[in-house]
Amino acid sequence: MIWETLLKPEYEQPYFLQLKSFLKEEAKKSQVVYPEKDNILNAFRLTPFNETKVVILGQDPYHGPKQAHGLAFSVQKGIKIPPSLQNVYKEIQEDIGVLMSDSGDLTAWAKQGVLLLNTCLTVREGQAHSHAKKGWEVFTDKAIRVLSEKSAHPIIFVLWGSPARKKTDLIDAKRHHILTAAHPSPLSAYRGFFGCKHFSKTNEILESAGQEPIDWAL
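Residues numbered from 1 in each chain as written. Predicted model: local features only at pLDDT ≥ 70, side-chain atom pairs only at ≥ 80, totals over all residues. Heavy atoms only, no water.

Asks: Which parts of the structure should I look at to understand the nonpolar core?
Replies: Across soluble globular proteins, nonpolar side chains have a tendency to be buried as a group. By size, the foremost hydrophobic cluster in this structure holds 61 residues, and its most contacted members are F44, I56, V88, W109, L116, F139 and W160. The dominant element in this core, judged by the number of residues it contributes, is helix α6 (residues 136–150), at 6 residues. (Core = buried A, V, L, I, M, F, W, Y, C linked by side-chain atoms within 4.5 Å. Buried < 20%, exposed > 50% of the residue type's maximum accessible area, 1.4 Å probe, protein only. Helix = DSSP H or I, 4+ residues; strand = E, 2+ residues; numbered from the N terminus.)

Listed below in structure tokens is the structure:
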């Protein structure tokens, strides 16, 4: 199975047609929208359905210039690492002793089967959550459900923060693994993200299932 086949029916649903109309209106108003059009579905392109082993769920894309490129928590090469990702790197170093690079590009994770999925896939420049409740959440909820229902192997869903944890209702917890913690943002990282050890736990689960662990080093 491939993402295109599984998600194609969504493209003709009323909510998705409304979403497309909304994005066209943004363009007509000369609003700058991130990520660039070709990168909006990057998470699905880089992490094929059958190769997805882990899902890390974000909210909406970064809204600064040249940051977002379609992968949750990731920024393009050469761009300053955002605070939330800095905290993710700190936890990785504390958890598994890996010293992270100075790049915030997480493409290497995506290519190993880590679906870095935002619940909302576009945003207006400088305005966080500006494209929330326009239809993307319905689309990405469908992607989560499809993974839960049709994946041939158990998947590890990594849910950081309250909005992500609400997605547990979409996941068959009897078939899959769910890891939850506070969000890694500076506002909440010290309230349950630091010390969660989700990176070592993920690899322990994968290895116990006979799957290749994720190389978290960048």
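Asks: Whenever I open this one, the sheet that holds strand β3 (residues 114–118) confuses me. Can you help?
Replies: In any sheet, the strands associate via hydrogen bonds between backbone groups, in a parallel or an antiparallel arrangement. Ordered in space as β3-β2-β5-β6, the 4 strands form an open sheet in which the pairing is parallel. Of all strands in the sheet, those with a lone pairing partner are β3 and β6 (177–181), marking the two edges. Taken over all neighbouring pairs, the strand axes of this sheet differ in orientation by 20° on average, direction set aside. Summarising the sheet, strand β2 (residues 54–58) and β3 pair through 5 bridges and their orientation is parallel. Its bridge partner lying in β3, V55 is registered against L115. Sitting on the sheet, helix α8 (residues 198–208) is in contact with β2, β5 (156–160) and β6, with an inclination near 165° to β5. (Pairing = 2+ DSSP bridges. Axes fitted to C-alpha atoms, helices over the stretch in contact; angles between N-to-C directions. Contact = heavy atoms within 4.5 Å.)

Asks: Mind showing me how you'd approach helix α2 (residues 14–28) here?
Replies: Along an α-helix, a turn takes 3.6 residues, which lines up residues three or four apart on a common side. The terminal C-alpha atoms of α2 lie 21 Å apart, and with 15 residues this matches the ideal 21 Å at 1.5 Å per residue to within 8%. Buried residues of α2: Y15, F16, L19, F22 and E26, and no others. Projected down its long axis, α2 carries its buried residues within an arc of 115°, all on one side. In α2, the exposed residues that point more than 90 degrees away from the buried face are P14, K24, A27 and K28. Looking at the buried positions of α2, the neighbouring elements they touch are β1 (33–34), β4 (123–124) and α6. (Expected span 1.5 Å × (residues − 1). Arc of directions from axis to C-beta.)

Asks: For this particular structure, what's the right way to read the packing of α2 against α6?
Replies: If you want to describe how two helices pack, look at the angle between their axes and the distance between the axes. One way to put it is that α2 packs onto α6 with a least axis distance of 9 Å and a crossing angle of 130°. Relative to α6, α2 is oriented oblique. Judged by the sense of rotation from one axis to the other, the crossing of α2 with α6 is left-handed. The segment α2 lies against α6, with Y15, F16, L19 and L23 engaging W136, V138 and F139. The residue makeup of the contact of α2 with α6, split by class, is 7 nonpolar, no polar and no charged. (Parallel < 35°, antiparallel > 145°, perpendicular 65-115°, else oblique. Left-handed = near helix turned anticlockwise from the far one by under 90°. Nonpolar A, V, L, I, M, F, W, Y, C, P; charged D, E, K, R; others polar.)

Asks: Which parts of the structure should I look at to understand the layout of surface pockets?
Replies: Over the atoms rolls a probe the size of a water molecule, and in doing so it shows where empty space is left. Estimates place the volume of the largest pocket at around 560 Å³. K20, L23, K37, I40 and W136 are the residues nearest the centre of the largest pocket, which is lined by 18 residues in total. Sorting elements by how many residues they give to the lining of the largest pocket places α2 first, with 7 residues. Per-class residue counts for the lining of the largest pocket are 10 nonpolar, 1 polar and 7 charged. A volume near 390 Å³ is recorded for the second largest pocket. The wall of the second largest pocket is formed by 20 residues, among which D60, P61, Y62, S84 and H183 lie closest to the centre. (1 Å grid on protein atoms, 1.4 Å probe; cavity = no way out; pocket = protein on both sides within 12 Å on 5 of 7 lines; lining within 4 Å. Points joined across faces, edges and corners; volume = space filled by probe spheres on them.)

Asks: Just to check I follow, could you spell out the packing of helix α4 (residues 83–96) against α8 for this structure?
Replies: Relative to each other, α4 and α8 sit at 60°, their axes nearing to 8 Å. As judged from the angle between their axes, α4 and α8 are oblique. Across the interface between the two elements, V88, E91, I92, D95 and I96 from α4 touch H198, F199 and S200 from α8. A breakdown of the residues in the contact of α4 with α8 according to their chemical character gives 4 nonpolar, 2 polar and 2 charged.

The quantities given are spatial measurements derived from coordinates; they are silent on function.
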